[in-house]
Amino acid sequence: KFILSPYLDSEILMTKAINKDRKYLLINSQKNIDQNDLNFFQKLIMERLKGKPVAYLTNKKFFWKYEFFINKHVLIPRPDTEIIIEQVLKIYKNKNNINFLDIGFGSGCILLSILKERKDFRATGVDISNHAVNVCKINASNLGLKTRLKLYKSDIDKFIFGKYDLIISNPPYIKNLDLKYLEKDVKFEPKLALDGGLDGISEIRKVIKKSSELIRYGGKLILEIAYNQKKNVKQLLNKNGFYINSVVKDYSDNDRCIISTKLKN
């Protein structure tokens, strides 16, 4: 399979090899490169040829308005996930002091971007991966957000802390059997963050069930889903006392995000 953006990828990997930004690279494109840097660059190119994502080779990914530290233990932030942030900012435009929970926070890109936008929000994050906790802590520290954030390493089934105005989650939602058909790049990402069980909604089911206990009456649950899961997820939400507010489409016009409100037990 061909690399879709070879020139851009090469530029980004070169900036990593020489430890400079792209602007420097464009201005100094005629300069010779140090042999050690060249060796490092060639090593990065070979890794990229195998399909390893650029974000894992450079340990960073831009998301929303910020750069996040990323490693191979967390999912790479996707532009489509920014829709969650847009929706949260729209829904809570006139509400203050929101206490929210992010289930399966990974790199922390969603909850930290929201905290950056709203100085009066407080966040709690729960993730089953110790690596995710460490990566998120680094990002929280880089963005100056450590004081408004609590992180827990736990399976959501066993999580019992607090009541929340809002719960957000981008849970694993790919069918177990579909994992082997993923694009080459995606195969490098942690299975834990992708595997949604046999039907693709086993993790979503857990998130909805637990959210119905952790959310305040009238609180919102915002879930990212796969393009073909709307019907099943709506049924699960209704069964657990949630009213469906809306389904938001992503930039490719696929159903991406379900917004619901907790109305009954």
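Preceding this paragraph is the structure being described.
Figured I'd write up the structure that's included with this text. Just so we're clear, the structure is a prediction, and the values are computed from it rather than from any experiment. (Residues numbered from 1 in each chain as written. Predicted model: local features only at pLDDT ≥ 70, side-chain atom pairs only at ≥ 80, totals over all residues. Heavy atoms only, no water.)

1. Section: the side chain of Gln87
Stage number 1. Within the secondary structure layout, Gln87 lies in helix α5 (residues 82–91).
Stage number 2. Not counting the four nearest positions on each side in its chain, Gln87 is found in contact with Val248 and Ile259. (Helix = DSSP H or I, 4+ residues; strand = E, 2+ residues; numbered from the N terminus. Contact = heavy atoms within 4.5 Å.)

2. Structural notes on helix α9 (residues 230–239)
Stage number 1. Every buried residue of α9 is accounted for by Val233, Leu236 and Leu237. Viewed along the axis of α9, the buried residues span an arc of 100°, placing them on a single side of the element. Counted as exposed and oriented over 90 degrees from the buried face of α9: Lys231 and Lys239.
Stage number 2. Contacts from the buried residues of α9 go to α8 (202–214), β7 (215–224), β8 (242–249) and β9 (255–262).
Stage number 3. After α9 finishes, the residue Gly241 shows a positive phi value of roughly 85°. (Buried < 20%, exposed > 50% of the residue type's maximum accessible area, 1.4 Å probe, protein only. Arc of directions from axis to C-beta.)

3. Section: unusual backbone geometry
Stage number 1. A positive phi angle, near 60°, is found at Asn19, a position not held by glycine.
Stage number 2. Of note, Asn19 is situated in the loop between α1 (6–18) and α2 (22–27).
Stage number 3. Its relative accessible area of 68% is what places Asn19 among the exposed residues.
Stage number 4. The backbone of Asn59 shows a phi angle near 60°, a positive value even though the residue is not glycine.
Stage number 5. Here Asn59 shows up in the loop between α4 (54–58) and β1 (60–63).

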